[in-house]
Amino acid sequence: MQTIKKILVVLILLYPANELFAQIEGASQSRSGSFYSLFGVGYPTDNINPRSLGMGILGVSLDAGHSNSLQNPALWGRNGLTTASSGFNFQQFNTANKSSESVNALLEAGYIQLTFPVFREKLGVSASLYSVTRTNYRFVTFDSTVVSANNVVNYASDIRGTGGVNKMEVGFGWNVNKNIALGYAPAFTFISQNNSRDVFFDQSGYSTNNLDSKITGTALGHRFGALFNFRQLIRTNDRMSLGLSATMPISIDAEENITVRKLVSGQELEVSLRDPKKGKINLPLELKAGLSYYPNRLVN
């Protein structure tokens with residue numbers, strides 16, 4: 001058994017750093033609001049608490065009783081203090097060519113979480129609101145079409161999209177003993193996705209075309225977590241934490257409503273383009289695992 005523990009410790013220390021950087025870079029791309037989120041319900045977001053993010057780690061096995069985390073429900077049972085945390089994302093894109101410049105800035109809330117111990121370092125409760133996927137895109141294009149031999153109509157198309165899937169979650173963590181902690185968190189999952197398209201023409205004979213699409217839906221989700229602590233692996237005061245978290249698959253009953261703005265009797269009204277379209281949005285199983293090794297109380 002001691003040999004196996006020593007091998008585990010060596011594997012942790014030899015884990016390639018470039019794999020860690022790849023994971024961090026992937027998380028950055030998922031929050032970038034890139035045009036890849038045009039289709040579907042957006043890219044996955046990862047809400048990491050400031051302490052874990054500052055250390056460059058996921059945090060699923062970071063056994064810290066004085067800070068909260070969304071990564072593993074089992075960690076809530078080890079909290080000794082009431083804690084609150086939140087995160088915000090700020091992005092700014094600057095583009096330029098020979099004739100024009102463009103600046104696009106976005107400030108959005110990432111998550112908010114409150115945790116408090118029912119019994120200190122034994123049973124803890126967490127309440128949070130956070131995003132699961134995020135969509136943020138805008139395209140402006142200019143083109144023309146030939147209507148007749150002597151008539152060319154120029155037009156501009158403005159396509160925008162915001163929103164995504166969010167969770168309102170309340171759960172608990174139970175510190176079974178000094179070696180094992182378990183957690184469970186049900187969540188009210190909902191999607192609020194807004195997509196729009198506006199087309200403008202340079203001739204008065206053609207009216208502006210406006211189309212808005214709103215996707216809404218709800219479902220109940222479930223998340224489980226576990227934390228295992230091993231002590232005295234190589235030396236008397238070291239320890240290792242193994243964290244596991246599983247988010248069950250979710251199927252959201254979604255509904256899409258499309259409306260257009262039209263002039264009716266000289267008044268602009270919002271009119272449904274068709275009956276609401278219903279369908280399923282399926283989010284897959286999500287698994288997380290992490291190892292943290294503490295040679296002493298100052299290093300991990």
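Throughout what follows, the structure given in this document is the object of discussion. (Residues numbered from 1 in each chain as written. Predicted model: local features only at pLDDT ≥ 70, side-chain atom pairs only at ≥ 80, totals over all residues. Heavy atoms only, no water.)

### Let's talk about the environment of Ser126
Here is step 1 of the chain: Tracing the sequence through the fold places Ser126 in strand β4 (residues 123-131).
Here is step 2 of the chain: When sequence neighbours within four positions are dropped, the list of residues in contact with Ser126 reads Trp76, Gln113, Leu114, Thr115, Glu169, Val170 and Gly171.
Here is step 3 of the chain: In terms of polar contacts, Ser126 uses its side chain to reach the side chain of Gln113, at 3.0 Å. (Helix = DSSP H or I, 4+ residues; strand = E, 2+ residues; numbered from the N terminus. Contact = heavy atoms within 4.5 Å. Polar contact = N/O pair within 3.5 Å; in protein donor to acceptor, adjacent residues only side chain to side chain.)

### Notes on the pattern of salt bridges
Here is step 1 of the chain: Inspection of the entire model under this criterion finds 10 salt bridges.
Here is step 2 of the chain: The salt bridge partner of Asp158 is Arg160, with a shortest N-O separation of 2.9 Å.
Here is step 3 of the chain: Its relative accessible area of 8% is what places Asp158 among the buried residues.
Here is step 4 of the chain: As a salt-bridge pair, Arg223 and Glu169 come within 2.7 Å of each other at their nearest N and O atoms. Within this pair, whereas Arg223 is found in strand β8 (residues 209-231), its partner Glu169 is found in strand β6 (residues 151-175), the two being separated by 54 residues in sequence. Both residues of the pair, Arg223 and Glu169, count as buried. (Salt bridge = Lys/Arg side-chain N within 4 Å of Asp/Glu carboxyl O. Buried < 20%, exposed > 50% of the residue type's maximum accessible area, 1.4 Å probe, protein only.)

### A word on the packing of aromatic side chains
Here is step 1 of the chain: This structure, assessed with the given rule, holds 4 aromatic pairs.
Here is step 2 of the chain: Geometrically, the ring pair formed by Tyr155 and Phe201 is tilted, given 6.2 Å between the ring centres and 50° between the ring planes. With Tyr155 in strand β6 and Phe201 in strand β7 (residues 180-201), this pair connects stretches of sequence that are 46 residues apart.
Here is step 3 of the chain: Given a relative accessible area of 30%, Phe201 falls into the partly exposed group.
Here is step 4 of the chain: When the centroid spacing of 5.1 Å and the interplanar angle of 35° are considered together, the rings of Tyr184 and Phe224 count as tilted. Separated by 40 residues along the polypeptide, Tyr184 in strand β7 and Phe224 in strand β8 bring together distant segments of the chain.
Here is step 5 of the chain: Looking at Arg239, its charged tip hangs above the ring of Tyr294, at a distance of 4.1 Å from the centre. (Phe/Tyr/Trp six-rings, centres within 6.5 Å; stacked < 30°, edge-to-face > 60°. Lys NZ or Arg CZ within 6 Å of the ring centre and 35° of its normal.)

### Digging into a nonpolar patch on the surface
Here is step 1 of the chain: Side chains of Ile112, Leu129, Met168 and Phe188 sit close together on the surface and give an oily, nonpolar patch of about 360 Å² of accessible area.
Here is step 2 of the chain: Looking at where Phe188 falls in the secondary structure, it is placed in strand β7. (Patch = residues over 30% accessible without salt bridge, like charges linked within 9 Å, V, L, I, M, F, W, Y side chains within 5 Å. Areas by Shrake-Rupley, 256 points an atom, 1.4 Å probe, with all protein chains shown as cover.)

### Here's the deal with the nonpolar core
Here is step 1 of the chain: Ranked by size, the top nonpolar core spans 14 residues in total, and within it Val165, Ile191, Ile252 and Ile281 carry the most contacts.
Here is step 2 of the chain: Within the residue set of this core, elements represented by two or more residues are β8, β10 (250-264) and β12 (277-283).
Here is step 3 of the chain: Sort the elements by how many residues they give to this core and β10 lands first, with 3 residues.
Here is step 4 of the chain: Val165 has contacts with Val41, Ser131, Val132, Thr133, Thr189, Phe190, Ile191, Ile252 and Leu283, leaving out every residue within four places of it along the chain. (Core = buried A, V, L, I, M, F, W, Y, C linked by side-chain atoms within 4.5 Å.)

### A short note on the side chain of Asn68
Here is step 1 of the chain: For Asn68, the location among the structural elements is in the loop between α3 (50-54) and β2 (83-96).
Here is step 2 of the chain: Exposure remark for Asn68: the relative accessible area of 3% places this residue in the buried category.
Here is step 3 of the chain: One polar contact links Asn68 to Thr83, side chain to side chain, over a distance of 3.4 Å.
Here is step 4 of the chain: Within the local environment of Asn68, its side chain forms a polar contact with the side chain of Ser85, the two groups lying 3.0 Å apart.
Here is step 5 of the chain: Setting aside anything within four residues of it in sequence, one finds Asn68 in contact with Asn49, Asn79, Thr83, Ala84, Ser85, Gln113 and Thr115.

### A closer look at unusual backbone geometry
Here is step 1 of the chain: At Glu121, a position not held by glycine, the phi torsion is positive, near 55°.
Here is step 2 of the chain: Tracing the sequence through the fold places Glu121 in the loop between β3 (101-119) and β4.
Here is step 3 of the chain: With a phi angle near 55°, Gln232 is a residue other than glycine that sits in the positive phi range.

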